[in-house]
Amino acid sequence: MVASSHPDTARGRRPIAQKMRGMHASDGAGVRLTRMIGTPQLDQLDPFLLFDVFHSDDPNDYIAGFPDHPHRGFETVTYMLAGNMRHRDSVGNEGVIRPGGVQWMTAARGIVHSEMPEQQDGLLWGTQLWVNLPASDKMGEPAYHEFDRQAIPVVERDGGVRIAVVAGSTSDGTTGPVRGRPTEPLYFDIGLPAGGRLTEPVPPTHHAFLYVVEGEVDVGGESVSVGYLAVLGEGDRVEIEGRAGSNRVLLIAGRALDEPVARSGPFVMNTRDELLEAYRDFQSGRF
């Protein structure tokens, strides 16, 4: 885990603090994926608990999906790049996440949901992020927000730079549809041509990382290639430059909670006793 930033001293361009490719994993009913956060190499990046990438055109890698499973104490964020994923949950929500769309689900005190591919073949490509909740919100009411591509504003910048704003606000005031979350997240899908440059503020209170979806980018003089995740160090802004002909990057940041984390499987609380209570509540049907 990377240490918390210091808001009074963390100024300037954020460097790369750590860079990695992740590890192969399987989750749900056998979905093959690459785990970037939630590994021995990077256990967590407060407030982020997990970041997975699933990317395959072989139905055997994804068709079994993620059948009914519980969560408590955090939020799940599913962002689709290709293919479709259907969501259902125990409080009556249902929808299909399509390319360029996002589902931001707040499990809070407890929810049971499923995420199943809405296709029999073709490319399925997306990411899932787990965002911790502060202790004060862990036992609140579950919530569900789904936004398709048309609901996500896109900023066009000089030099062919493009930003799809899922959460948070850009320097020009463009704000994404995901709002009011306790960790004040930023979630930007950024496209840059070769030589395209982007500078965006990121609060010093936030931990931040980027994941290269396509191409290769320069961050503070260091290159990051497709498939790599780069944890960003302290600072108050991010500077990215495209190196390949076409480049695409997810930039994600959230306010560090600096609270104890007790986690086991699908539950994330602050103490072991709270985890045991979560298991008891689930087994007793109180979700």
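Heads up: the structure comes first, above all this text.
Because the structure is predicted, anything quoted here is derived from the model rather than measured. Position labels on residues start from 1 in each chain and follow its written sequence. The model is predicted, so local features are restricted to residues of pLDDT at least 70 and side-chain atom pairs to those at 80 or more, both for listing and for counting; the totals for chains, interfaces and linings are taken over all residues. By convention in this description, side-chain values take in all heavy atoms of the structure and omit both hydrogens and water.

K.L.:
Is there a simple way to think about the overall build of the chain in this case?
P.N.:
A run of H or I in DSSP counts as a helix once it spans at least four residues, and a run of E counts as a strand once it spans at least two, with each numbered from the N terminus. Looking only at helices and strands, the chain features 1 helix and 24 strands. A compact globule built from 287 residues would reach a C-alpha radius of gyration of about 19 Å, and the chain, at 18 Å, matches this within 12%. Overall, the chain is about 55 × 50 × 35 Å in size when its C-alpha atoms are taken along their principal axes. Partly exposed residues are those whose accessible area sits between 20% and 50% of the maximum for their type, while under 20% is buried and over 50% is exposed, using a 1.4 Å probe and protein chains only. Considering the chain as a whole, with its 287 residues, one finds that 52% of them fall into the buried category. Here the radius of gyration uses the C-alpha set of atoms, whereas the globule reference equals 2.2 Å times the residue count to the power 0.38.

K.L.:
What's the story with the packing of aromatic side chains in this structure? I'm lost.
P.N.:
A ring pair, where both rings are aromatic, is described by two values, the distance of the centres and the angle of the planes. Pairing of aromatic rings covers Phe, Tyr and the six-membered ring of Trp, with a centre-to-centre limit of 6.5 Å; geometry is then stacked below 30 degrees between planes, edge-to-face above 60, and tilted otherwise. Counted under the stated rule, the structure contains 9 aromatic pairs. Here Phe-267 and Phe-287 contribute two aromatic rings whose centre-to-centre distance is 5.8 Å and whose plane-to-plane angle is 70°, an arrangement assigned as edge-to-face. Placement of the pair is Phe-267 in strand β24 (residues 267-269) and Phe-287 in the segment after α1 (272-283), with a sequence separation of 20 residues. Residue class for Phe-267 comes out buried when judged on its relative accessible area of 0%.

K.L.:
What is the right way to look at unusual backbone geometry in this model?
P.N.:
The step from Asp-46 to Pro-47 runs through a cis peptide bond, and the omega angle for that step is 15°. Structurally, Pro-47 can be placed in the loop between β3 (31-37) and β4 (48-56). If you check the backbone angles, Glu-184 has positive phi at about 50° while not being a glycine. Topologically, Glu-184 is positioned in the loop between β14 (162-167) and β15 (186-193).

K.L.:
Explain the nonpolar core to me, please; I cannot follow it from the model alone.
P.N.:
Buried together is how nonpolar side chains tend to be arranged in soluble globular proteins. Within the largest apolar cluster, 30 residues are counted, with the highest numbers of intra-cluster contacts made by Phe-48, Phe-51, Leu-129, Tyr-187, Phe-209, Leu-229 and Ile-252. Here the element with the most residues in this core is strand β6 (residues 74-82); it accounts for 4 residues. We define a nonpolar core as any set of buried Ala, Val, Leu, Ile, Met, Phe, Trp, Tyr and Cys residues linked to one another through side-chain atoms lying within 4.5 Å. Membership of the second largest hydrophobic core comes to 24 residues, among which are Val-155, Val-165, Val-219 and Leu-251.

K.L.:
Help me understand the layout of surface pockets, please; the structure alone is not making it clear to me.
P.N.:
If you roll a probe as big as a water molecule over the atoms, it shows you where there is empty space left. Definitions used for this entry: grid spacing 1 Å over protein atoms alone; cavity, a set of points where a 1.4 Å probe fits but cannot get out; pocket, an open set with protein on both sides within 12 Å along at least 5 of 7 lines; lining residue, one with an atom within 4 Å of a point. Grid points are joined across faces, edges and corners, and a volume is the space filled by probe spheres set on the points. If you add up the space inside the largest pocket, you get close to 460 Å³. What lines the largest pocket is a set of 24 residues, among which Asp-27, Arg-35, Leu-50, Asp-52 and Trp-130 lie closest to the centre. When contributions to the lining of the largest pocket are tallied by element, the ones reaching two or more residues are β3, β4, β5 (66-71) and β11 (124-132). With 6 residues, β5 is the single largest residue contributor to the lining of the largest pocket.

K.L.:
What is the right way to read the pattern of salt bridges from this model?
P.N.:
Should their charged atoms come close, side chains of opposite charge can pair. Salt bridges are identified by distance alone: a Lys or Arg side-chain nitrogen within 4 Å of an Asp or Glu carboxyl oxygen. One pass over the structure, following the stated rule, counts 20 salt bridges. Between Glu-75 and Arg-181 there is a salt bridge, with the nearest N and O atoms lying 2.7 Å from each other. Placement of the pair is Glu-75 in strand β6 and Arg-181 in the loop between β14 and β15, with a sequence separation of 106 residues. A single burial state applies to Glu-75 and to Arg-181, both of which are buried. Via salt bridges that share partners, Arg-13, Asp-236, Arg-237 and Glu-239 belong to a single interconnected network.

K.L.:
Quick question: what am I supposed to make of the sheet that holds strand β7 (residues 85-89) here?
P.N.:
Ordered in space as β5-β10-β7-β8, the 4 strands form an open sheet in which the pairing is antiparallel. A single partner strand is all that each edge strand has here, and the edge strands are β5 and β8 (94-97). Direction aside, neighbouring strands of the sheet carry axes that sit 20° apart on average. For two strands to be treated as a pair, DSSP must find no fewer than two bridges joining them. For β5 and strand β10 (residues 111-117), the ladder comprises 4 bridges, and the chain directions are antiparallel. Residue pairing for β10: His-71 is matched across the bridge by Ile-111. Geometry is summarised by axes, namely lines fitted to C-alpha atoms with helices restricted to the contacting stretch, and by angles between N-to-C directions that run from 0 to 180 degrees.

K.L.:
Any chance you could explain the sheet that holds strand β21 (residues 237-242) here in plain terms?
P.N.:
Hydrogen bonds along the backbone pair up the strands of a sheet, which may run parallel or antiparallel. As summarised here, the arrangement of the 4 strands in space is β16-β21-β18-β19, forming an open sheet in which the pairing is antiparallel. What marks the edges here is a single partner per strand, and that holds for β16 (197-201) and β19 (222-225). Across the sheet, the mean angle from the axis of one strand to that of its neighbour is 25°, orientation sign disregarded. Pairing between strand β18 (residues 216-219) and β21: 3 bridges, direction antiparallel. For Val-217, the partnering residue across the bridge sits in β21 and is Gly-242.

Any link to function would need more than the numbers given here.
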